[in-house]
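# Examination of the molecular architecture
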Amino acid sequence: MQATIFLMLGTWEIIAIVAVILLLFGGAKIPELMRGLGKGVKEFKNAQKEVEDAINGEPEAETKAAKPQQTTETKAPETKTE
């Protein structure tokens, strides 16, 4: 039912909403807000996938679980020669 309300908005209503958003946040702030919204959606989708994998009993992807390997090699300190 709530989705039908959004679909009933006309062109002038959408233009008015966009104008109010521009007045409230300014043109320079909107890309930053959209970037944050995109990151939030991405985080939500990742969490949703993790929950689905946990429910299905599938192990997490190896790329997430893999830790960077530490090397035991040590480098000698550099000395300046003049």
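This one's a predicted model, so the numbers in the text were calculated from it and none came from an experiment.

Definitions and cut-offs
Residues numbered from 1 in each chain as written. Predicted model: local features only at pLDDT ≥ 70, side-chain atom pairs only at ≥ 80, totals over all residues. Heavy atoms only, no water. Helix = DSSP H or I, 4+ residues; strand = E, 2+ residues; numbered from the N terminus. Buried < 20%, exposed > 50% of the residue type's maximum accessible area, 1.4 Å probe, protein only. Areas by Shrake-Rupley, 256 points an atom, 1.4 Å probe, with all protein chains shown as cover. Expected span 1.5 Å × (residues − 1). Salt bridge = Lys/Arg side-chain N within 4 Å of Asp/Glu carboxyl O. pLDDT = per-residue confidence, 0-100.

## Points about the overall build of the chain
Counting its regular elements, the chain contains four helices and zero strands. Traced from its N-terminal end to its C-terminal end, the chain shows the element sequence α-α-α-α. Within the span of the chain, comprising 82 residues, buried residues form 1% of the whole. When the accessible area of the chain is evaluated, it comes to approximately 8500 Å², of which 62% is carbon and sulfur surface.

## Here's the deal with helix α2 (residues 11–25)
Between its first and last C-alpha, α2 extends 21 Å over 15 residues, near the 21 Å set by a 1.5 Å rise per residue. Of the residues one or two after α2, Gly 26 is the one with positive phi, at around 85 degrees.

## Some details on helix α3 (residues 30–56)
Between its first and last C-alpha, α3 extends 39 Å over 27 residues, near the 39 Å set by a 1.5 Å rise per residue. Of the residues flanking the end of α3, it is Gly 57, one or two places downstream, whose phi is positive at about 80 degrees.

## Considerations on the pattern of salt bridges
Taken as a whole and assessed by the stated rule, the structure comprises two salt bridges. One salt bridge in this structure joins Asp 53 and Lys 49, with 3.4 Å as the shortest N-O distance. In this pair, Asp 53 and Lys 49 are both assigned in helix α3, four residues apart and thus about one turn of the helix distant.

## Points about the confidence of the model for the chain
A residue-level look at the chain finds 61% of positions with pLDDT of 70 or above and a mean pLDDT of 77. Considering each helix and strand of the chain separately, the mean pLDDT is smallest for helix α4 (residues 62–65), with a value of 50, and largest for α3, with 91.

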